[in-house]
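Here is how the chains run, residue by residue.
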Amino acid sequence: MIAYDLQCDQGHAFEGWFDNSKSYEQQQKKGLITCPVCGSSQVQKVMSTFSIARQRGAEDGPSQPVNKVQMLIKYVQDNFEDVGGDFAKEALKMHYGVVEHRNIRGVSSSQEEETLRQEGIPFFKIPIPVSQPPEEE
């Protein structure tokens, strides 16, 4: 499967998934690809905004992304208040102005997460291992 960023002649951007590039070309020639917003079949591929940058001299291999995730986890642990199982409750209180906004982290059930989504409260999940290996210096 291949995903392309697409745009119609009205400027609506969307994503399309195809078996391969030939499949995209065939469907495009037949006018089978249409904009989900306006229905236009005048659709073309556009440059993707997704990229993975690499620093010069950076090591190759899987350890580089792992290091970035570890850095993110450390940042969150150092800069966000751990509210434990009260994450959803605290997020709701901040959303409705009951308490002052602050950076929080914690855990929530899938039902609590759905409530947060329905209330329009943005959040994201970072899988943090239960036991982390000691940091190398």
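As the structure is a prediction and not an experimental result, all values here were calculated from the model.

Give me the lowdown on the pairing of strand E2 (residues 13–18), citing residues and values where you can.
Regular strands place their side chains on alternate faces of the sheet. Covered by surrounding structure in E2 are Phe14, Gly16 and Phe18 only, the residues Ala13, Glu15 and Trp17 on the alternate face being uncovered. Taken together, the six bridges between strand E1 (residues 2–8) and E2 define a ladder with antiparallel strand orientation. Counterpart to Asp5 in the pairing with E2 is Glu15. As consecutive antiparallel partners, E1 and E2 are separated by four residues, and within that stretch Gly11 has a phi angle of approximately 90 degrees, a positive value.

Can you break down the confidence of the model for the chain residue by residue, with the values?
In regions of low pLDDT, the predicted coordinates are not meant to be interpreted in detail. Of all residues in the chain, 81% have pLDDT values of 70 or greater, and the mean over the chain is 83. In the model of the chain, helix H2 (residues 63–79) stands out as the element of lowest mean pLDDT, 81, in contrast to helix H3 (residues 87–95), which has the highest, 94.

Any details on the layout of surface pockets? Residues and values, ideally.
By volume, the largest pocket amounts to about 720 Å³. Lining the largest pocket we find 25 residues, and of these Phe87, Ile104, Arg105, Phe123 and Phe124 sit closest to its centre. Among the elements of the structure, H3 and strand E5 (104–105) are those that each provide at least two residues to the lining of the largest pocket. Broken down by element, the residue count for the lining of the largest pocket peaks at four residues, all from H3. Among the residues forming the lining of the largest pocket, the class breakdown is 14 nonpolar, six polar and five charged.

Can you break down the pattern of salt bridges residue by residue, with the values?
On inspection of all chains with the given rule, the structure shows eight salt bridges. Here Lys89 makes a salt bridge to Asp86, at a shortest N to O gap of 3.8 Å. Relative accessible area serves as the criterion here: at 46%, Lys89 is assigned to the partly exposed category. The class of Asp86 is partly exposed, set by a relative accessible area of 36%. Residue Glu114 is joined to Arg117 by a salt bridge in which the shortest nitrogen-to-oxygen separation is 3.6 Å. With a gap of three residues between them, Glu114 and Arg117 both fall in helix H4 (residues 110–118), about one helical turn apart.

Just give me the short version of the nonpolar core, but keep the residues and values in it.
One finds Tyr4, Leu6, Cys8, Phe14, Phe18, Tyr24, Ile33, Cys35 and Val43 forming the largest nonpolar core, which totals nine residues. Of all the secondary-structure elements, those providing two or more residues to this core are E1 and E2. The element best represented in this core is E1, accounting for three residues. Apart from the residues within four sequence positions on either side, Phe14 is in contact with Tyr4, Asp5, Leu6, Gln7, Cys8, Ile33, Thr34, Cys35, Pro36 and Val43. Within the second largest apolar cluster, eight residues are counted, among which are Val83, Phe87, Leu116 and Ile121.

Any details on the sheet that holds strand E3 (residues 43–45)? Residues and values, ideally.
Spatially, the three strands line up as an open sheet ordered E2-E1-E3, and their pairing is antiparallel. Only two strands of the sheet have a single neighbouring strand rather than two, namely E2 and E3. Sheet twist, expressed as the mean angle between neighbouring strand axes with direction ignored, is 40 degrees. Relative to E3, E1 is paired through three bridges, and the arrangement is antiparallel. Across the sheet, the residue bridging to Cys8 is Val43, located in E3.

Pulling in residues and values, what's your account of the packing of aromatic side chains?
Tallied over the entire structure, the rule returns four aromatic pairs. Taken together, a centroid distance of 6.0 Å and an interplanar angle of 40 degrees make the contact between Tyr4 and Phe18 tilted. Pair noted here: Tyr4 is in strand E1 and Phe18 is in strand E2, with a separation of 14 residues, a long-range link. For Tyr4, a relative accessible area of 14% translates into the label buried. Each ring, one from Tyr75 and one from Phe80, has its centre 6.4 Å from the other, and the planes form 70 degrees; the classification is edge-to-face. Tyr75 sits in the partly exposed class, given a relative accessible area of 48%. Over the ring of Tyr4 we find Lys45; its NZ or CZ atom is 4.4 Å from the centre of that ring.

What counts and how
Each residue is numbered by its place in its chain's sequence as written, counting from 1. In keeping with the predicted nature of the model, local features appear solely for residues at pLDDT of at least 70, side-chain atom pairs appear and are counted solely at 80 or more, and the whole-chain, interface and lining totals rest on all residues. Derived side-chain values reflect all non-hydrogen atoms in the structure, with water molecules and hydrogen atoms excluded from consideration. Throughout this description, buried means an accessible area under 20% of the type-specific maximum (1.4 Å probe, protein chains only), exposed means over 50%, and partly exposed covers the range between. Starting at the N terminus, helices and strands are each numbered in turn, a helix being any DSSP run of H or I of at least four residues and a strand any DSSP run of E of at least two. Think of it this way: DSSP has to see at least two bridges between two strands before they count as a pair. You can read pLDDT as the predictor saying how much it trusts each residue, on a scale of 0 to 100. The definitions used throughout rest on a 1 Å grid laid over the protein atoms alone, on which a cavity is an enclosed set of points accommodating a 1.4 Å probe that cannot get out and a pocket is an open set flanked by protein within 12 Å on both sides along at least five of seven lines; lining residues are those having an atom within 4 Å of a point. Grid points are joined across faces, edges and corners, and a volume is the space filled by probe spheres set on the points. Throughout, the ten residues Ala, Val, Leu, Ile, Met, Phe, Trp, Tyr, Cys and Pro are labelled nonpolar, Asp, Glu, Lys and Arg are labelled charged, and all others, Gly among them, are labelled polar. Should a side-chain nitrogen of Lys or Arg be within 4 Å of a carboxyl oxygen of Asp or Glu, the pair is scored as a salt bridge. Here, the term nonpolar core denotes a set of buried Ala, Val, Leu, Ile, Met, Phe, Trp, Tyr and Cys residues that are joined through side-chain atoms within 4.5 Å. The contact definition used throughout considers only heavy atoms, calling two residues in contact when any of these lie within 4.5 Å. To get an axis, a line is fitted to the C-alpha atoms, and for a helix only the part in contact is used. The angle between two axes follows their N-to-C directions and goes from 0 to 180 degrees. We call Phe, Tyr and Trp rings a pair once their centres come within 6.5 Å, taking the six-membered ring for Trp, and we label the pair stacked below 30 degrees between planes, edge-to-face above 60, and tilted otherwise. Criterion for a charge above a ring: Lys NZ or Arg CZ within 6 Å of the ring centre, and within 35 degrees of the ring normal.

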